[in-house]
Amino acid sequence: SCSYLPTFQDPQVIGAGPAGLMSAFALARAGINVQIVDKHSKKVAAGQADGVQPRTTEVFKSYRLSDRLLKEGTQLHVAAFYNCSKSGGIELTDRVPDVTATDTNFPFEVTLHQGAIEDIFLDNMRDMGVEVSRPIIPTSLEVTEALVDDFDAYPVRLNTETKDERRTEIVYAKYVLGADGARSWVRKSMGVVDLIPDTDFPDVRNKCAIHSNNGSCMIIPREDNKIRLYIQLDGKDVIDASGRVDKSKAGPEMILDVACKTLHPFTIKTPESYDWWTIYVIGQRVAERYTVHNRVFIAGDACHTHLPKSGRSRHERGPAASMYDSYNLAWKLVHVLKGIAHPTLLQMYEFERQQYAQDLIDFDKKFSKLFSGKPYSELNLDGVSHVEFLKAFQMFGGFTSGLGVQYTDSMIIDSKHQAQNIFIGRGLPPRPLLRAADCRPIDLHNLLVSDACFKLLVFTGDTHDPAQMARVQEFAKQFSASGSFFAEFSSPDSMHKVFDIVPISSEKKETIMYNALPRILWSHWSKVLVDDIDMRGVTGIRPYGYVAAIAPLDGVSHITSYFTTFMKVC
Ligand code: FAD
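For the structure given in this document, a descriptive report is provided here. From a predicted model like this one, the values you see are computed outputs, not experimental measurements. (Residues numbered from 1 in each chain as written. Predicted model: local features only at pLDDT ≥ 70, side-chain atom pairs only at ≥ 80, totals over all residues. Heavy atoms only, no water.)

Thoughts on the pairing of strand 14 (residues 215-221)
Consecutive side chains along a regular strand alternate between the two faces of the sheet. In terms of residue burial, strand 14 counts as a mostly covered element, since 6 of its 7 residues are buried. Pairing geometry for strand 13 (residues 207-212) and strand 14, over 5 bridges, is antiparallel. Bridge pairing in strand 14 places A209 opposite M218. Between strand 13 and strand 14, which follow one another and run antiparallel, lie 2 residues. With 5 bridges connecting them, strand 14 and strand 15 (residues 227-233) associate as antiparallel partners. Within the sheet, the bridge partner assigned to M218 lies in strand 15 and is Y230. Here strand 14 folds back onto strand 15, and the loop between the two strands holds 5 residues, one of which, D224, carries a positive phi near 55°. (Buried < 20%, exposed > 50% of the residue type's maximum accessible area, 1.4 Å probe, protein only. Helix = DSSP H or I, 4+ residues; strand = E, 2+ residues; numbered from the N terminus. Pairing = 2+ DSSP bridges.)

Shown next as structure tokens:
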């Protein structure tokens, strides 16, 4: 083996699964020089994570990636529930919308195999000149504590080895993100198989949760006429003494066999071949720490895994929760690396994502108990009834769709002022609006691109009313006055890279003159909007979509104090 001169890297990402790729993509998109390595020489070809929930589709849209996701994936609109029938076997009990949340432009789930989701990132990263370096494995990682507070230092030292050539390299990094997946802890396992079914089961193109006296099974329709079957296995049957899955003890036939017993009297014929199958072991845990000195972070399955058995949990949220960690960290890293924010901002990553992971696990515990519990019957009065199961399915709908995720008050979430129908700490629902200059309909979400800027939605009220226009002019004056957040934290060449201002007037489209609004409030004619609801005040959306704070039009000082807690003076 031979060593080369050390390289210096701003952020270094380890692991090119959904979490690692999301972060590398988001950082590269924001112009950060990022490097990403993976220990495998090839990415996954089939199977593994597959469920993309509405909020994740919105995130893909905010990066202009959703067209490809929707083109390649399968949409799930309905969830069907099958339970024991009196005559033996199972029967249809209910069909309900798969996603109960309505405050989204994508009220459905998308299924697409992990390799195809990764390709969307990889192809777009390649266009920006970023490729995954493989097969590379870090052999050691050290943080020099004396340097962690020095912004210009590279305090993390990584030794890496190129597996094929046994070549070693030293990398000094400002930040390292470990997105290297889960390690097995707990003896619970899930059998998963993807196949093109030949079946008489009528709900095969809907998502199904099936409870029978022979066990529980979940069906997820997928791209290219395939379906995925999930069944719960008894760990001791398939896990060897070292805790690894012994694939010689199980195979796709065995998984299909268990599924067929659950589906009785319906049948699925044994196919000639299976597209992909796995048995995977997973724990239910949240890492105690998500960071070391806010210089090394972990994301995705590396910091949380959950039980795979709940009817709507694992398949939707393993990949989603993983990508979301990276998405949450990326804008903070971008702001710190670009010198816009103090490094203390990075503390908010662990604060927000660890709480979310804990909520996820609490949810999993409750839901998986219901999913795998024995069905209710006259002989089993303690069993789980369909009504009980459906209630939980719908109640947790907001959480599982990703739309109900709520960050609590912190340095970057401030709920002092409130406004109707806007939830601080949550994503903003879509809203149809008009562009003032050309009356073209536009959805508010089209403006919420993931470009690492804070969006300031300035609801001006009816600007046709001279008194209200005078208030807006006064706001604009305060806004740009010396000492205001806008003057302090953005310079003329950076102002629209830090803050993206979107005035929304409730003046009628017939009378509004877009250019009558104070010039400082609009960076481009296409960003002056008209809404038919008369709202007044400023809603701050932090980079990547969550409502950060609200202030009245005479509350510029409140906005300034919000940004002063973590932004650097220009
Ligand atoms: P991963 O996707 O695990 O990615 C981690 C990456 O890091 C990998 O590319 C790996 O090669 C790389 N890596 C690991 N260690 C190192 C290292 N030391 N150095 C460099 N690189 C490293 N989810 C579902 O929803 N449905 C399923 O049916 C399903 N089946 C699964 C089957 C298996 C066998 C596995 C392993 C996972 C499965 N999952 C499934 C889980 C799902 O894949 C994860 O929730 C999701 O991929 C998490 O994304 P991640 O980026 O955090 O981790």
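The rest of the description comes next.
A closer look at the sheet that holds strand 24 (residues 499-505)
In space, the 7 strands of this open sheet follow the order 22-21-25-24-23-26-27, with mixed pairing throughout. Where the open sheet ends on each side, the last strands, each with one partner, are strand 22 (441-443) and strand 27 (547-551). Sheet analysis places strand 21 (residues 432-435) next to strand 25 (residues 529-530), joined by 2 bridges and oriented antiparallel. Along strand 25, the bridge assignment pairs L434 with V530. Contacts between helix 11 (residues 466-480) and the sheet are confined to strand 23 (454-461), strand 24 and strand 26 (536-541), with strand 23 contributing the most and set at about 150° to the helix. (Contact = heavy atoms within 4.5 Å. Axes fitted to C-alpha atoms, helices over the stretch in contact; angles between N-to-C directions.)

Some remarks on empty space enclosed by the protein
Under the defined criterion, the tally for this structure stands at 6 cavities of 30 Å³ or more. The biggest single contributor to the lining of the largest cavity is helix 2 (residues 54-62), with 5 residues. The residue makeup of the lining of the largest cavity, split by class, is 5 nonpolar, 4 polar and 3 charged. (1 Å grid on protein atoms, 1.4 Å probe; cavity = no way out; pocket = protein on both sides within 12 Å on 5 of 7 lines; lining within 4 Å. Points joined across faces, edges and corners; volume = space filled by probe spheres on them. Nonpolar A, V, L, I, M, F, W, Y, C, P; charged D, E, K, R; others polar.)

Quick notes on helix 4 (residues 114-127)
For helix 4, which comprises 14 residues, the first-to-last C-alpha distance of 20 Å matches the rise-based estimate of 20 Å (1.5 Å per residue) to within 8%. Of all the positions in helix 4, only Q114, G115, A116, I117, E118, I120, F121, L122 and M125 are classed as buried. Downstream of helix 4 by a residue or two, G129 has a phi angle that is positive, lying close to 80°. (Expected span 1.5 Å × (residues − 1).)

Looking at the pairing of strand 6 (residues 90-97)
By the bridge criterion, 7 bridges tie strand 5 (residues 78-84) to strand 6 in an arrangement that is antiparallel. Across the sheet, the residue bridging to N83 is E91, located in strand 6. Between strand 5 and the antiparallel strand that follows it, strand 6, lie 5 residues; G88 among them carries a positive phi value of about 95°.

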